[in-house]
Amino acid sequence: MNIVLLGPPGAGKGTVAALLKKELGVPHISTGDIFRENIKNGTELGKKVESILASGGLVPDEVTIEMVRDRLSKDDTASGYILDGFPRTIAQAEALEGIDTIDHVLNFVLSTEEIISRLSGRRLCKSTGRIYHIKSNPPKVEGIDDETGEPLIQRDDDKPEAIKHRLEVYEEQTAPLIEYYRKKGNLLDVDSAPSPETIVAAVLKAVGKA
């Protein structure tokens, strides 16, 4: 089963994808991971992406599409996959159609207020990458990492003004994909307000895997 995840930042796609991956026995593929893997392995595509990112540029569609095409050709995708972070544009969606058939597109729906609350409450331990949330997953001591005792930080892109900008970019670039897939008849709206476990149970039922 081939699944694409759509939804704004903070809607919980990554958390749900990790649980779905276990339930369905298919890989969770994010474009960020593909970029990092290619850069780490020193592939030709990786070198190209690294130089683009180093200069502060955006990775062109054709490079991203080529990386996704390469990743989806690997043996572990034979039974399906969960694609996260691609497509981001109509052009990428059209290219994906030429690569493979997508069975379901899960559109994560969450209010702007809830997204801002989720993201602005995140705190990060810089050295370990451990993520906390001031409401739902607070550290034992406020502002301090449980393991290292380091002060926790708030990422710049998790500040309310930055979140609003990220949501505007999402609406402008990626939201048109919702209508694109709705017209194709394979879009499933997913209420991402409940717990990840509740969401996964609803998704499995909707795709006939419950």
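This section reports on the structure supplied with the text. Note on numbering: residues in each chain are counted from 1, in written sequence order. With pLDDT at 70 or above as the cut-off, local features in this predicted model cover only qualifying residues; side-chain atom pairs require 80 or more to be listed or tallied, and sums for whole chains, interfaces and linings still use all residues. As a rule here, side-chain values come from all non-hydrogen atoms in the structure, and water together with hydrogens is ignored.

A run of H or I in DSSP becomes a helix once it reaches four residues, and a run of E becomes a strand once it reaches two; helices and strands are each numbered from the N terminus. A tally of regular secondary structure across the protein gives nine helices and seven strands. In terms of C-alpha radius of gyration, the protein reaches 18 Å, essentially the compact-globule figure of 17 Å for 210 residues. Principal-axis analysis of the C-alpha atoms places the extent of the protein at approximately 50 × 40 × 30 Å. In this description, contact between two residues means that some pair of their heavy atoms is separated by no more than 4.5 Å. Taking the intrachain contacts of the protein between residues at least 6 apart in sequence as the baseline, contacts between residues at least 24 apart amount to 67%. Accessible surface is estimated by sampling points in the Shrake-Rupley manner with a 1.4 Å probe; for residues, cover comes only from the protein chains shown. Element-wise, carbon and sulfur atoms account for 51% of the exposed surface of the protein, whose accessible area totals about 11,600 Å². Charged residues are defined narrowly, with Lys and Arg counted positive, Asp and Glu counted negative, and His plus the chain ends left uncounted. Where a charge lies is defined by one atom per residue type: Lys uses NZ, Arg uses CZ, Asp uses CG and Glu uses CD. Of the side chains in the protein, 27 bear a positive and 34 a negative charge, and the two mean positions are spaced by 2 Å. What the globule rule says is 2.2 Å times the number of residues to the power 0.38, and the radius of gyration is computed from C-alpha atoms.

Before going further, it helps to spend a moment on the pattern of salt bridges. Counted as salt bridges are all cases of a side-chain nitrogen of Lys or Arg within 4 Å of a carboxyl oxygen of Asp or Glu. Inspection of every chain in the model, using the stated rule, returns 15 salt bridges. The partner of glutamate 114 in a salt bridge is arginine 118, and the shortest N-O contact between them spans 3.4 Å. With glutamate 114 and arginine 118 both in helix α6 (residues 112–120), this residue pair falls four residues apart, about one helical turn.

With that settled, the discussion passes to helix α3 (residues 44–54). Burial classes: relative accessible area under 20% of the type maximum marks a residue as buried, over 50% as exposed, and values in between as partly exposed (1.4 Å probe, protein chains only). Listing the buried residues of α3 in full gives Leu45, Gly46, Val49 and Ile52. The arc enclosing the buried residues of α3, seen along the axis, measures out at 130 degrees, which places them on a common side. Pointing more than 90 degrees away from the buried face of α3 are the exposed residues Glu44 and Ala54. Backbone geometry just downstream of α3 places glycine 56 in the positive-phi region, at approximately 80 degrees. Each C-beta atom gives one direction from the helix axis, and the arc is the one those directions make.

The relative placement of two aromatic rings is captured by the distance of their centres and the angle of their planes. To pair, rings of Phe, Tyr and Trp, with the six-membered ring standing in for Trp, must have centres within 6.5 Å; the planes then decide the type, stacked if under 30 degrees apart, edge-to-face if over 60, and tilted in the middle. If you walk through the whole model with that rule in mind, you get one aromatic pair. Ring centres 5.1 Å apart and planes at 85 degrees place the aromatic pair tyrosine 180 and tyrosine 181 in the edge-to-face group. Note on accessibility: tyrosine 180 and tyrosine 181 belong to one class, buried.

On to the sheet that holds strand β1 (residues 2–6). DSSP bridges decide pairing: two strands pair if at least two such bridges lie between them. Overall, parallel pairing links the five strands, which are arranged β2-β3-β1-β4-β7 in an open sheet. Across the chains shown, the open sheet's two edge strands, defined by having one partner strand only, are β2 (28–30) and β7 (187–191). Sheet twist, expressed as the average angle between the axes of neighbouring strands with direction ignored, equals 25 degrees. Alignment of β2 against strand β3 (residues 81–84), held across three bridges, turns out to be parallel. Bridging across to β3, histidine 28 finds its partner in isoleucine 82. Comment: axis = line fitted to C-alpha atoms, over the contacting stretch for helices; angle = value between 0 and 180 degrees taken between N-to-C directions. Contacts from helix α1 (residues 13–24) reach β1, β2, β3 and β4 (104–109) within the one sheet, and its direction differs from that of β3 by about 170 degrees.

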